[in-house]
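Chain by chain, the residues run as shown.
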Amino acid sequence: MKKIVSLFTVIFLLNFSVLRADEGMWLVQLLGEQVYGDMVKKGLKLTKEQLYSINGKSIKDAIVLFGSGCTAEIVSKEGLMFTNHHCGYDNIASASTVEHNYLRDGFWAKSKQEEIACPGLSVQFLIKIEDVTDKVNEALKTIKPNEIALKLFGVLGEMSAKAAEGTGYEVRISSFFKGNQFLQFTYQRYKDVRLVGVPPESIGKFGGDTDNWEWPRHTGDFSIFRLYMSKEGKPAEYAADNVPFIPKHFLPVSIKGINDGDYSMIYGYPGGTSRYETSYGVKLKIDIDNPSIVNLRDARLKCMLTEMVKDPAVKIQIGSSYAGIANYWKFFDGEVKQLIKLNVVAQKEKDEATFEAWAKGKPEYDNLFKNIKAVYDNWRPYAKHRMYINEGILGSPLLSFATNLKTLETQLQNASTKPEDLEKTKQTLKASRDRFFKGENIASDKNILAIVLKMFYMDIDASERPQAFYTALKTNYGALENNETYSKFSATIFDNTILLDAGKWEAFIAKPDTATLHKDPAYKTAMAFVNNYNDNYSKFYTEFIGANYLLNHTYLKGVLEINKNKPVYPDANQTMRVSYGNVKSYVPRDGVKYDYICTLNGIKEKYKPGDIEFDAPAKLMELIDKKDYGQYIDKKVGDVVVNFITNNDITGGNSGSPVINGNGELIGLCFDGNYEALGHKIALDKALTRTICLDVRFMLFVVDKLGGATNIINELNLIK
Ligand code: ARG
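Predicted, not measured: the structure shown is a model, and the values here were computed from it.

> What am I meant to see in the state of the cysteines here?
In a disulfide, the sulfur atoms of two cysteines are covalently bonded to one another. Counted according to the given criterion, the structure contains one disulfide. Covalently, Cys70 is tied to Cys87 through a disulfide, its sulfur atoms 2.2 Å apart. Taking the sign of the S-S torsion, about -80° here, the bridge from Cys70 to Cys87 comes out left-handed. Within this pair, whereas Cys70 is found in strand S3 (residues 70-74), its partner Cys87 is found in helix H4 (residues 85-95), the two being separated by 17 residues in sequence. A relative accessible area of 10% places Cys70 in the buried class. Cys87 sits in the buried class, given a relative accessible area of 11%. Cysteine Cys118 remains unbridged, with the sulfur of Cys87 as its closest cysteine sulfur at 13 Å. Cys598 takes part in no disulfide bond, and the closest cysteine sulfur, belonging to Cys693, lies 12 Å away.

> Explain the side chain of Arg690 here, please?
Position of Arg690 relative to the elements: it lies in the loop between strand S21 (666-673) and strand S22 (691-695). Despite its burial, Arg690 remains without a salt bridge, the nearest opposite charge being carried by Asp260 at 7.3 Å.

> Can you help me understand the pattern of salt bridges in this one?
Pairs may arise between side chains of opposite charge once their charged atoms sit close together. All told, the structure shown has 40 salt bridges when counted by the stated rule. Across the pair Asp38 and Lys42 runs a salt bridge, and its minimum N-O distance is 3.4 Å. Here Asp38 pairs with Lys42, and both are found in helix H2 (residues 33-42), just four residues apart, close to one helical turn. A salt bridge links Lys191 to Glu237; the nearest nitrogen and oxygen atoms lie 3.4 Å apart. Placement of the pair is Lys191 in the loop between strand S9 (181-190) and strand S10 (192-198) and Glu237 in the loop between strand S11 (223-229) and strand S12 (243-244), with a sequence separation of 46 residues. Look at Lys191 and you get partly exposed, because its relative accessible area is 39%. Judged by its relative accessible area of 54%, Glu237 falls in the exposed class.

> How should I be thinking about the environment of Gly656 in this particular structure?
Inspection of the secondary structure puts Gly656 in the loop between strand S19 (641-646) and strand S20 (658-660). C-alpha of Gly656 to C-alpha of Lys370: the two residues are 286 residues apart in sequence and 42 Å apart in space. Aside from chain neighbours lying at most four places away, what touches Gly656 is Thr71, Ala72, Glu73, Phe82, Thr83, Asn84, Cys87, Leu669 and Cys670.

> Hey, could you run me through the environment of Val136 in this one?
The topology assignment puts Val136 in helix H6 (residues 133-140). Separated by 451 residues in sequence, Val136 and Val587 place their C-alpha atoms 46 Å apart. Aside from chain neighbours lying at most four places away, what touches Val136 is Leu156, Met159, Ile173 and Phe182.

> Sorry if this is basic, but what is going on with the packing of helix H13 (residues 368-392) against helix H17 (residues 442-459) here?
Packed helices, taken two at a time, are described by their axes: the angle between them and the distance between them. Packing of H13 against H17 leaves a shortest axis separation of 10 Å and a crossing angle of 175°. In terms of their interaxial angle, H13 and H17 are classed as roughly antiparallel. The residues of H17 that touch H13, namely those facing Lys384, His385, Tyr388, Ile389 and Gly392, are Val452, Met455, Phe456 and Asp459.

> Would you mind showing me how to read H2 here?
An α-helical turn contains 3.6 residues, so any two residues separated by three or four positions project in the same direction. Of all the residues in H2, the buried ones are Val35, Tyr36, Asp38, Met39 and Lys42. The buried side chains of H2 occupy one side of the element, clustering within an arc of 155° when seen end-on. Residues of H2 that are exposed and angled more than 90 degrees away from the buried face: Glu33 and Lys41. Following H2 by one or two positions, Gly43 adopts a phi angle in the positive range, close to 135°.

> Can you walk me through the site of the ligand in this structure?
Surveying the vicinity of the ligand reveals the residues His86, Lys205, Gly208, Asp209, Asn212, Trp213, Asn327, Ser655, Phe671 and Asp672. His86 is positioned with one of its side-chain polar atoms (N or O) 3.2 Å from an oxygen atom of the ligand. Within the side chain of Asn327, a nitrogen or oxygen atom sits 2.8 Å from a nitrogen atom of the ligand. A class-by-class count of the residues in the shell around the ligand yields two nonpolar, five polar and three charged.

Reading the values: rules and limits
Residues numbered from 1 in each chain as written. Predicted model: local features only at pLDDT ≥ 70, side-chain atom pairs only at ≥ 80, totals over all residues. Heavy atoms only, no water. Disulfide = S-S within 2.5 Å. Helix = DSSP H or I, 4+ residues; strand = E, 2+ residues; numbered from the N terminus. Buried < 20%, exposed > 50% of the residue type's maximum accessible area, 1.4 Å probe, protein only. Lys, Arg positive; Asp, Glu negative; His and termini not counted. Salt bridge = Lys/Arg side-chain N within 4 Å of Asp/Glu carboxyl O. Contact = heavy atoms within 4.5 Å. Axes fitted to C-alpha atoms, helices over the stretch in contact; angles between N-to-C directions. Parallel < 35°, antiparallel > 145°, perpendicular 65-115°, else oblique. Arc of directions from axis to C-beta. Near = heavy atom within 4 Å. Polar contact = N/O pair within 3.5 Å; in protein donor to acceptor, adjacent residues only side chain to side chain. Nonpolar A, V, L, I, M, F, W, Y, C, P; charged D, E, K, R; others polar.

Structure below.
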């Protein structure tokens, strides 16, 4: 997105590439005149009050944090909500069975009675925001500086809980600019959310992982839900007699269409960016962190896919988890490629040199980057090991679940453990075992477990491996270079662990004892790795995190000082942001220009009957052949526009966010970023960064013509 306006950034921009124009995810309640003025210049027709108002109604009242990491928008006076298909995926899968396979076939409620409850799903409205920097700083005074990074989350959690006490609201205090500012956000959570409509997966995820993070794109990435409240108008748990939620504001839906260059604005909850990352952090990512994650995920995904394609029940069972792992597997791979291509390390080094020149003679900043370098140098040797624990050993669902028993072990070993605490742990473990079973596919996990143990052996330095484990493995199962050694071992674990055997588990958890736990092969294996890491290497990570936080805090303090009186946007941290820009075509590489839209014709071009990624419903293909476009046609192209692109600055968490035109009307749902800009979390390239959006006209075309759900269309305020 869009200029922070050349006038006020230009001085800084001359020598500081971190903060370039045309980017930013802004806190909408803190929009300064300069940023707002730029929005108007780009095509916004609304007042600041219409964007965000504390007492009146404004666009922000139509935007919710959906589930744990997406955005949705309210589009009717009866609480109808749009979000992405991939945001609703888990709930769609949970509602599906092999007989009623909504994931595969889609689902359309033709009346409110047919809507499906979604246990566990909730949405949150932002109520208010306050600056609590002084209060947090006061609380942090009691903590040793190098422990702040580790304890901050706990401190903020306690303060948040206190602030929420007795209010009926939820409060979360978020850190901005690496702890240089703290803002307190008050939310209201609603828990009765019901599924209203979803296209077949072959529309909602058309193109699969091949097209994921790519433009040109032809994905109908949407799902439709409705929010309910109690008859008294309050948030409530699901109840059959709850009534549809009445919003303060809902978005009208424009089917007038879009043109290259039109104003576009995206509201939502972007999860996280690291735009102020240092060159040392970027190098660690490029050299170690990302390649490790990608290798391990690649192996795990293959094991999962093998089972998913064999059986629709397995697809329903682990499809959601697969999609999540695959999404960032491709992202982390692409991120490295783009960071290298765009020379981000060199960009950062330049920024750092500029900063050092500014900081000369200011003792607070003495040796800042020298110290940052030292902190990274100390941590680097162990970084891969940590990734191989998190994404490898704990990438096996069984081993990951097994580590949950550690608390129980500790409590059993401690004579003074209170019986009520032990009871609590037992209950927690029962619940987490139920959750584990919901997503556990034995065949896939058996292969995952075997492969991650081998990869750990092959890739991690011999001096860092849990020696006793591998020695015993070699003695009992064979050469450590052979796949069979690991598959035999894995099969034994699965055959013998009490965690998977209902009878043995019930007996154990009724009267747990350490001897049984210590004998359990799944627990033993998981803990061999986790204890080895915790006992010998986690201290280096703690040191790294503690010191790096303080140094970066100082760095950002300097950055803010340099930019005093200029608008500087903070990194995304899952708080509500607005990003503005324009619908915009781009040039991905020399000699190639990408159009700003993709149409139904492109679905026909990509269509591969029977393919797991590029199949499409027969009925859709018929509609395309008959050119039965109805009111959803784009007259100037003579086709339905499926997806379009803008240059808005967004990131993961913005999924499902409304794309809004200059009049405050919904024109699309943002659902992805493009491959050429996968370095965007760290450095946004303004020429290449695009947000991929679902055109609301394609969405309504599917709802109407394919789903026959005219009830949904009739509920909207359509602007024609
Ligand atoms: N890349 C998208 C995002 O992170 C998710 C797209 C889901 N589709 C898929 N084929 N995995 O928001």
